[in-house]
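Coordinate inspection notes
Take a look at the letters that make up each chain.
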Amino acid sequence: MTEPVTNRVEPVSVPLKLGDRITVDPPVVLAPLAGITNVAFRRLCREYGAGLYISEMITSRALVERNPKTLQMVAFAEDETPRSMQLYGTDPEIVSRAVRMVVADDLADHVDLNFGCPVPKVTRRGGGAALPWRINLFDDLVTAAVKAADGQLPVTVKMRLGVDADHLTYRDAALRAQDAGVAYVALHGRTAAEFYGGQADWGPIAELAELLDIPVLGNGDIWEAADAVRMIRETGCAGVVVGRGCLGRPWLFGDLAAVFAGQQQTFLPGLDEVAKAMFRHAELLGEWLGEERGVVDFRKHVAWYLKGFSVGSELRKALAMASSLPELSDLLHQLDLSQPFPADVLGLPRGRTSGARKVSLPENWLADRESRAVPFGAELPDSGG
């Protein structure tokens, strides 16, 4: 096995406390990613390093109505602790019912509220990153969730800077969330309009870290463990949220665990070890979904794992069309497994990189910031983002 490159450095953070019951050490959070952060991927990441691993986005309405797909998505591994669930909602009453259900049925140990999703199908209904503009509705929703939790589990909030540069919401929303009693606020340094393009602005993260009395976590452009260190030192935030940086690189959490323990580490697995991680990922998906569905679900990960490696187009295509574990294993053994890790891809964006766009919003959404009205049709009937 390739030995990680390590150097001793000073630890840069302290463990993250979520109330009296949960300690996150190191203070690293896996961001919810639709279709990605399921039971299998969370387990794979945990095999490399500790942290808080949040589920895919679960919609409050679907949970309350016990949608079969959603009930499968809220499953956690038996050894998964703490169990962290992200909830999406726009109606305080439905979100309240969902949180009460989480508590009563012991579905999770922590609930994170989604106010950061920028995708059109969510924002055009007034949800995700659009909702904090309606600051009183945001306040009602967060307050309802915290009250429903009744001190039995911590509630946190993840948000973006705002709708766009002219409609920023992070200051007001963070203060309201703190007053409502959330355990931390996580801020992605982009507006909804910026989507996933350009460079994240860490300045507002530093601003909130100074402004709030509760922990602030930083999110945006954490591609390597060194980026996490730099974010904490530049902003004073209490921890980091990692999203696209771990796509095809679950071992990033090992680097993060090391750096927060005081060791500068960069794990550069050769293609032989990457192939083993790929098969392990598919194997875990097969345990969760059944072999055929699991391998089919794994297909989306192939390009991320192989980024930067020299692999012929026909073999790449075959790997992305595999339908069984034996077939996948055979194809992986056809790779040139002697290749070292392509260091030139370190620090580069992964996953979505699409840039600025006009945000889809409900009609006249920006005209009345004080409205408490729940946007019509905003409660999505299915989970997953």
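Everything quoted here is computed from the prediction, not taken from an experiment. (Residues numbered from 1 in each chain as written. Predicted model: local features only at pLDDT ≥ 70, side-chain atom pairs only at ≥ 80, totals over all residues. Heavy atoms only, no water.)

**What to know about the nonpolar core**
Note the threshold: For this analysis, a nonpolar core means a set of buried residues of the types Ala, Val, Leu, Ile, Met, Phe, Trp, Tyr and Cys, connected via side-chain atoms within 4.5 Å. Categorising residues by exposure relies on relative accessible area from a 1.4 Å probe, with only protein chains included: less than 20% of the type maximum marks a residue as buried, more than 50% marks it as exposed, and the intermediate range marks it as partly exposed. Contact between two residues is taken to exist if any of their heavy atoms lie within 4.5 Å; hydrogens are not considered.
L63, M85, L113 and F138 are the most contacted members of the largest nonpolar core, which totals 72 residues. Apart from the residues lying within four places of it in its own chain, the contact partners of M85 are I54, S55, I58, L63, V74, F76, V102, L107, A108, H110, V111 and D112. In this structure, A277, F309, L331 and V345 belong to the second largest nonpolar core, which totals 30 residues.

**Concerning the pattern of salt bridges**
Our working rule: By salt bridge we mean one thing: a side-chain nitrogen of Lys or Arg within 4 Å of a carboxyl oxygen of Asp or Glu. A helix here means a DSSP run of H or I that spans at least four residues, while a strand means a run of E at least two residues long, and both kinds are numbered starting from the N terminus.
A full pass over the atoms with the stated rule returns 21 salt bridges. R372 is the salt-bridge partner of D140, the closest N and O atoms lying 2.8 Å from each other. With D140 in helix α6 (residues 135-149) and R372 in the segment after α15 (325-332), this residue pair connects regions lying 232 residues apart in the sequence. With a closest N to O distance of 3.6 Å, E234 and R230 form a salt bridge. Highlighted residues: E234 and R230, both in helix α9 (residues 225-235), separated by four residues, approximately one helical turn. Through salt bridges with shared partners, a single ionic network connects R43, E47, R280, E283 and E287.

**Let's talk about unusual backbone geometry**
In the segment running from D25 into P26, the intervening peptide bond is cis, with an omega of 10 degrees. In the segment running from T81 into P82, the intervening peptide bond is cis, with an omega of -5 degrees. With respect to the helices, strands and loops of the structure, P82 is situated in the loop between α3 (68-73) and β6 (84-88). Although it is not a glycine, D106 adopts a positive phi angle of roughly 50 degrees. Tracing the backbone shows D106 in the loop between α4 (92-104) and β7 (110-115). On the accessibility criterion, D106 (48% relative accessible area) is partly exposed. At F195, a residue that is not glycine, the phi angle is positive and equals roughly 50 degrees. In this structure, F195 sits in the loop between β9 (185-188) and α8 (203-211). Take F195: its relative accessible area is 4%, and that puts it in the buried class.

**So, the layout of surface pockets**
Keep this limit in mind: The way it works is a 1 Å grid over only the protein atoms, where trapped points that fit a 1.4 Å probe form a cavity and open points with protein on both sides within 12 Å along at least five of seven lines form a pocket, and then any residue with an atom within 4 Å of a point lines it. Grid points are joined across faces, edges and corners, and a volume is the space filled by probe spheres set on the points. Residue polarity is assigned by list, with Asp, Glu, Lys and Arg as charged and Ala, Val, Leu, Ile, Met, Phe, Trp, Tyr, Cys and Pro as nonpolar; anything else, Gly included, falls into the polar class.
Computed from the structure, the largest pocket encloses a volume of approximately 670 Å³. Contributing to the lining of the largest pocket are 34 residues, with P32, L33, A34, Y196 and R352 lying nearest its centre. Mapped by element, the contributors of at least two residues to the lining of the largest pocket are β7, β8 (155-160) and β11 (239-242). Here the lining of the largest pocket is built from residues that sort into 17 nonpolar, eleven polar and six charged.

**Focus: the side chain of N136**
The criterion, for reference: N or O atoms within 3.5 Å of each other form a polar contact, as long as, within protein, one can give a hydrogen and the other can take it, and as long as residues adjacent in sequence are counted only when both atoms are side-chain atoms.
Topologically, N136 is positioned in helix α6. A polar atom in the side chain of N136 sits 3.2 Å from the side chain of R176. Those residues in contact with N136 that lie beyond four places of it in its chain are R176, R369, E370, S371 and R372.

**Regarding the sheet that holds β6**
Rule in force here: Pairing between two strands requires that DSSP report at least two bridges joining them. Fitted lines through C-alpha atoms serve as axes, helices being fitted only where they are in contact, and the angles separating the N-to-C directions of these axes extend from 0 to 180 degrees.
Overall, parallel pairing links the eight strands, which are arranged β4-β5-β6-β7-β8-β9-β10-β11 in a closed barrel. Taking each pair of neighbouring strands and ignoring which way they run, the sheet shows an average axis angle of 25 degrees. In this fold helix α7 (residues 170-180) packs onto β8 and β9, with an angle of close to 180 degrees to the strand it touches most, β8.

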